[in-house]
Every structure is written in structure tokens, then in C-alpha cells.
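Single-letter residue listing:
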Amino acid sequence: MNSAVIALVVAVCGVMGTLLAPVLSQGSQARALEADFERHQQADRTQWRREQEREGLEQRRTCYVDTNAAFRRYRVQLMNFLYFVHRGQVTEEASQELEAARQAHHTAFAEAQMIASASVLSYLDELAIALGQSYRRTKNLEEGHPESDGSFEEIEVYLNWLWERWDAMRGAMRADLGISDAPRTPPSGNSP
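Quick notes on the rules
- Residues numbered from 1 in each chain as written.
- Predicted model: local features only at pLDDT ≥ 70, side-chain atom pairs only at ≥ 80, totals over all residues.
- Heavy atoms only, no water.
- Helix = DSSP H or I, 4+ residues; strand = E, 2+ residues; numbered from the N terminus.
- Rg over C-alpha atoms; globule rule 2.2 N^0.38 Å.
- Buried < 20%, exposed > 50% of the residue type's maximum accessible area, 1.4 Å probe, protein only.
- Areas by Shrake-Rupley, 256 points an atom, 1.4 Å probe, with all protein chains shown as cover.
- Lys, Arg positive; Asp, Glu negative; His and termini not counted.
- Charge placed at Lys NZ, Arg CZ, Asp CG, Glu CD.
- Core = buried A, V, L, I, M, F, W, Y, C linked by side-chain atoms within 4.5 Å.
- Contact = heavy atoms within 4.5 Å.
- pLDDT = per-residue confidence, 0-100.
- Axes fitted to C-alpha atoms, helices over the stretch in contact; angles between N-to-C directions.
- Parallel < 35°, antiparallel > 145°, perpendicular 65-115°, else oblique.
- Left-handed = near helix turned anticlockwise from the far one by under 90°.
- Nonpolar A, V, L, I, M, F, W, Y, C, P; charged D, E, K, R; others polar.

Draft legend 1. Just the overall build of the protein, in detail. Along the protein, the regular secondary structure elements total 4 helices and 0 strands. Overall, the protein shows an N-to-C arrangement of helices and strands of α-α-α-α. Its C-alpha atoms give the protein a radius of gyration of 35 Å, more than 25% over the compact-globule value 16 Å for 192 residues. Each principal axis of the C-alpha distribution contributes one length, and for the protein these read about 125 × 30 × 25 Å. Every one of the 192 residues in the protein was classed for burial, and the buried ones make up 28%. Total accessible area on the protein stands at roughly 12000 Å², and carbon and sulfur atoms take up 57% of it. Positive and negative side-chain charges in the protein, numbering 20 and 27 respectively, have mean positions lying 6 Å apart.

Structure below.
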């Protein structure tokens, strides 16, 4: 009888094994498919993040180029206009060129405020304020009522100081874009 019971148990186990094998196989296969799906999802998320980083870097690069060019143009036009004021040779054309450069700078700065990193934005804010002060001082000088620190020489020194700050800003932009040279000096609010 023992051997009959053993044979029955073996037979039942065999039938159960045969019946359960597809179920166990499907569960194992489902786990493998789920793990494979998760690996693909992770790879897709990683690829999407890389593309977003690349797009963000390209957006910042384009923005920094535009902002850099607008700053340079505005500063140059301010210098030119200051010299026209100093020589008493301000023309309508000179005034229009200065205003066009000023508006282009405002536009580029507005875009940069939405895209620039915090470190670059600190430089941009400082320089935008300084450019505004230079503009105000120069226009007041033109109108014949200069501010206490608004002589031709003082404005010229201030605009040259701006050039030095621009160099630091450019370094911050390059660092933000992953270019190895870091800014030479941190933003300081100390102007001449």
C-alpha cells in the first residue's frame, strides 16, 4: 500500500506539475517582460532628459550670444553718444542709433531673464542697472543739467568700468555653458 500511495502522490504531483508549469512559466515570462519594459522606460526617460539638457544648453547659448551682442552694441552706442555730447555734435541719427541699441538690449535682457542661470543673471542685472545709469547720466549731460557724478570724464570712466564687468559676465556665461574658464571676478555692485 505504501507503494500505491507513493505512486498516487507521484502521479498527482506530476499532473499538478504539468498543470502548473504553464502558469508558473507565464508568471516568470510576465516578470521578465515587465523588467524589460521598465528598462526601456528608463532608457527613454534618460534619453528625454539628455535631449532636454541639450536643448536647454542650446537655448542658453543662443540667448547669451544675443545678450552679449546687444550689451556690446548698447555700450558702444552710449560711448559714441557721450562723445557726440562732449563735442556738441549730437544729431538725430546719433539719438536714433542709441535708442535702437537701447531697445535691442532691453529685448535681449528680457529673454535672458527667462533663460539665464542664476549666476549669469546676477551679472546681467548688475550690468542692466549700470547701463541704465549711464544712459540717464549721458542724457542729463546732453540736456545741460548733469548729475553730481555726471561729467563727461566720470561717465567715460563708468562706461570703461562697464567693459570690465562685461568681461566678467562673459566668463560667467561661458562657465554656465560648460566652457572651462570661470569668471575672473565675482559681481560686486562696486562701481567707480
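There is more to say, and it comes next.
Draft legend 2. Broad picture of the nonpolar core. In this structure, Tyr74, Leu78, Val120, Leu124, Leu159, Leu162 and Met169 are the most contacted members of the largest nonpolar core, which totals 36 residues. For this core, the secondary structure elements donating two or more residues are helix 1 (2-87), helix 2 (92-115), helix 3 (118-142) and helix 4 (152-176). Among the elements that take part in this core, helix 4 stands out by supplying 11 residues, more than any other. With residues near it in sequence (within four places) discarded, Leu124 still touches Thr67, Phe109, Ala112, Ala116, Met169 and Met173.

Draft legend 3. Quick look at the confidence of the model for the protein. The predicted model of the protein has a mean per-residue pLDDT of 86, with 92% of residues at 70 or higher. Averaged over each element, pLDDT in the protein is lowest for helix 1 (83) and highest for helix 2 (96).

Draft legend 4. Looking closely at the packing of helix 3 against helix 4. Running from amino to carboxyl end, helix 3 crosses helix 4 at an angle of 160°, the nearest separation of the two axes being 10 Å. The pairing of helix 3 with helix 4 is recorded here as roughly antiparallel in orientation. Taken as a pair, helix 3 and helix 4 cross one another with a handedness that is left-handed. Grouping the constituent residues of the contact of helix 3 with helix 4 by class yields 18 nonpolar, 3 polar and 4 charged.

Draft legend 5. A look at the environment of Val120. Looking at where Val120 falls in the secondary structure, it is placed in helix 3. When its relative accessible area of 0% is taken as the criterion, Val120 is described as buried. When the C-alpha positions of Val120 and Asp176 are compared, they lie 7.5 Å apart, and in sequence the two are 56 residues distant. Apart from residues no more than four positions distant in its own chain, Val120 is found in contact with Tyr64, Ala172, Met173 and Asp176.

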